[in-house]
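Single-letter residue listing:
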Amino acid sequence: MTDCPTLPARSPLRVRPTATVLDVVIPVYNEEDDLEACVRRLHAHLMDTFPYGFRITIADNASTDSTPEVAAELDDTIEEVSAVRLEQKGRGRALRTVWSLSGAPVLAYMDVDLSTDLNALLPLVAPLISGHSDLAIGTRLAGGSRVVRGPKREFISRAYNLVLRTGLAARFSDAQCGFKAIRKDAAEALLPLVEDTGWFFDTELLVLAERAGMRIHEVPVDWVDDPDSSVHIVRTATEDLRGVWRVGRALATGALPLERLRRPFGDDPRDRGVPGVPRGLAGQLVGFCTVGALSTLAYLGLYTLFRMGMGPQPANALALLLSAVANTAANRRLTFRVRGRERAVRQQAQGLVVFAIGLALTSGSLAALGAAGGSASHGAELSVLIVANLAATALRFLLLRAWVFPQAVHNETSGSPR
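Described in the following lines is the structure provided in the data block. What you see as residue numbers is a count from 1 along each chain, following the sequence as written. Selection of residues for local features in this predicted model requires a pLDDT of at least 70, selection of side-chain atom pairs for listing and counting requires 80 or more, and totals for whole chains, interfaces and linings are taken over all residues. For the side-chain quantities, the full set of heavy atoms in the structure was used; hydrogens and water were omitted.

Notes on helix H3 (residues 91-101)
For clarity, the cut-off: Relative accessibility decides the category of a residue: with a 1.4 Å probe and only protein chains considered, values under 20% of the type maximum give buried, values over 50% give exposed, and everything between is partly exposed. Secondary structure elements follow DSSP: runs of H or I of four or more residues count as helices, runs of E of two or more count as strands, with numbering from the N terminus. Note that the arc is defined by the directions from the helix axis to the C-beta atoms.
Every buried residue belonging to H3 is among Arg91, Gly92, Ala94, Leu95, Val98 and Trp99, and all of these are buried. Take H3 and look down its axis: the buried residues cluster within an arc of 160°, on one side only.

Dropping the structure here:
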């Protein structure tokens, strides 16, 4: 997998009056009936509303009907329309090919059925032209969206985005809406990293962009489902889930060494060095607190479970041991962004030393409770453990940052890749 190059500073596009600013790609496969009406409607809309030069590119990926002839006719009769023929199927392959060859600074695509209201097109690309964002997506799941579709597609769409949020920690709201745009410089950095050539292509692109620290702008859209869509829902969903598994495994194992793309000073506030504020500390605190809260819940649940069959001290030790191993692994990956297996065993061993310190604090608290009050209630035990665990948590963060993962902190400070 290729490392990401450094992006130039994000800035407004300097547009010449005659330059083509936007290239809208329409990937098609056997769309002889809808293609001409779609292109003419899109062309008329852009002529009326878009203030810059534009091009519409029909990307025919291996159609077997008369789609190539329709595309060629549109290419001949409309100056702003061009047609590209690919001999292999795959929407992702079509987008990668056209976007790689295009000279336009803003690249977009939309489905041929034009399910999305075209009035969202200018709001979609405006943040890219202004330099505010790197990518933009239409979303059917935002509060301002107005969507007409059946319950089956609604359920599948929301379930898929839930999978992305839980499995890949994605924060964008709608991966599947066929209405997206990207700046050319961002596309040049990301396209070599995207493996999928089919329907999962743009989801993978968004996940990698988000992990690389790019800004994704979301536009609520009006969207009407096309009941005659040729998309095979079950097959597409299966391929998407395979893609989620592949990308998730690559991110988790370090096979995809993707770090945030560093920009020149001043473009991204997270790249700025502020005296007295270690870079990355705020993000690490948030990640550590999140992992710590989940670990504490797991620890208390395990303690309650083990307490049913053993005394408080062994129940505490076993619950703390199991939660500590999971805590170290989660903090390694999520808080300090350490990937790969290098030094993983050593860091787990150091994490167990940190665990021993936490065990001493919590066990000592339990011992003190027993000495003070004799036979304490389960509620009293839990209260003491919570207080002791909070103290152990603060100490754990300091030890993880300064001793277990010092290289991650150094990389955050120096700006070097991990």
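Focus: the pattern of salt bridges
Just so we agree on the cut-off: Here, a salt bridge means any Lys or Arg side-chain nitrogen found within 4 Å of an Asp or Glu carboxyl oxygen.
One pass over the structure, following the stated rule, counts 14 salt bridges. Residue aspartate 111 pairs with arginine 91 through a salt bridge whose shortest N-O separation is 3.9 Å. Within this pair, whereas aspartate 111 is found in the loop between strand S4 (106-110) and helix H4 (121-130), its partner arginine 91 is found in helix H3, the two being separated by 20 residues in sequence. The exposure class of arginine 91 is buried, given its relative accessible area of 9%. Across the pair aspartate 174 and arginine 140 runs a salt bridge whose closest N-O atoms are separated by 2.8 Å. With a gap of 34 residues between them, aspartate 174 in the loop between helix H5 (151-167) and strand S7 (179-183) and arginine 140 in the loop between strand S5 (135-139) and strand S6 (146-148) connect regions that are remote in the sequence.

Considerations on the pairing of strand S1 (residues 20-28)
This is how the line gets drawn: Whether two strands pair comes down to DSSP finding at least two bridges between them.
Within S1, eight of the nine residues are buried, which leaves it mostly tucked inside the rest of the structure. Relative to strand S2 (residues 53-61), S1 is paired through eight bridges, and the arrangement is parallel. Within the sheet, the bridge partner assigned to isoleucine 26 lies in S2 and is isoleucine 58. Sheet analysis places S1 next to S4, joined by four bridges and oriented parallel. When the bridges of S4 are listed, valine 24 appears paired with alanine 108.

Section: the packing of H3 against helix H7 (residues 201-211)
We count it as follows: Each axis is a line fitted through C-alpha atoms, and for a helix only the stretch in contact is used; angles between axes span 0 to 180 degrees, taken between their N-to-C directions. By definition in this entry, angles of less than 35 degrees are roughly parallel, angles greater than 145 are roughly antiparallel, angles of 65 to 115 are roughly perpendicular, and the rest are oblique. Should any heavy atoms of two residues lie within 4.5 Å, those residues are counted as being in contact. In this classification, Asp, Glu, Lys and Arg are treated as charged, Ala, Val, Leu, Ile, Met, Phe, Trp, Tyr, Cys and Pro as nonpolar, and every other residue, Gly included, as polar.
Put simply, H3 and H7 touch, their axes get as near as 8 Å, and they point 60° apart. Comparing their axes, H7 and H3 come out oblique. Between H3 and H7, the contacting residues are Arg91, Gly92, Leu95, Arg96 and Trp99 on the first element and Phe201, Asp202 and Leu205 on the second. A per-class count over the contact of H3 with H7 returns four nonpolar, one polar and three charged.

A few points about the sheet that holds S7
Strand order in the open sheet formed by seven strands is S3-S2-S1-S4-S7-S5-S8, and the pairing between neighbours is mixed. The two strands at the open ends of the sheet, each matched to only one other strand, are strand S3 (81-86) and strand S8 (216-220). Here the average twist between neighbouring strands, direction ignored, is 20°. Set on the sheet, helix H1 (residues 35-49) makes contact with S1, S2, S3 and S4; between it and S2 the angle comes to about 165°. Its contacts with the sheet put H4 on S1, S4, S5, S7 and S8, and the angle it makes with S7 is roughly 15°.

Focus: the packing of aromatic side chains
Inclusion rule: Between the rings of Phe, Tyr and Trp (Trp by its six-membered ring), a pair exists once the centres lie within 6.5 Å; its type follows the angle of the planes, with under 30 degrees stacked, over 60 edge-to-face, and the other angles tilted. By the criterion adopted, a ring carries a charge over it if an Arg CZ or a Lys NZ lies within 6 Å of its centre and within 35 degrees of its normal.
A complete count under the given rule lists three aromatic pairs for this structure. Between phenylalanine 50 and tyrosine 52, the ring centres sit 5.7 Å apart and the planes meet at 70°, which makes this aromatic pair edge-to-face. Overall, the relative accessible area of 32% leaves tyrosine 52 in the partly exposed class. Members of the aromatic cluster, each reached through a chain of ring pairs, are Trp99, Tyr109 and Phe201. The ring of tyrosine 29 carries lysine 89 above its face, with NZ or CZ at 4.2 Å from the centroid. When the ring centre of tryptophan 223 is taken as origin, the NZ or CZ atom of arginine 140, which lies over that ring, is 4.8 Å away.

Looking at the packing of helix H10 (residues 312-335) against helix H12 (residues 378-404)
The test is simple: Crossings are classed by handedness, with left-handed meaning an anticlockwise turn of the near helix from the far one by less than a right angle and right-handed meaning a clockwise turn.
At a closest axis distance of 13 Å, the pairing of H10 and H12 adopts a crossing angle of 35°. Here H10 and H12 pass one another in a crossing that is right-handed. Only Glu381, Leu385, Asn389, Arg396 and Leu400 of H12 make contact with H10, whose side of the interface consists of Pro312, Asn316, Leu320, Asn327 and Asn331. Of the residues contributing to the contact of H10 with H12, the split by class is four nonpolar, four polar and two charged.

Some words on unusual backbone geometry
Glycine aside, residues mostly have negative phi, and peptide bonds are mostly found in the trans state. One non-glycine residue, alanine 62, adopts positive backbone phi at about 65°. Examined against the element boundaries, alanine 62 turns out to sit in the loop between S2 and helix H2 (67-77). One non-glycine residue with positive phi stands out, namely leucine 114, at about 50°. Leucine 114 sits in the buried class, given a relative accessible area of 8%.

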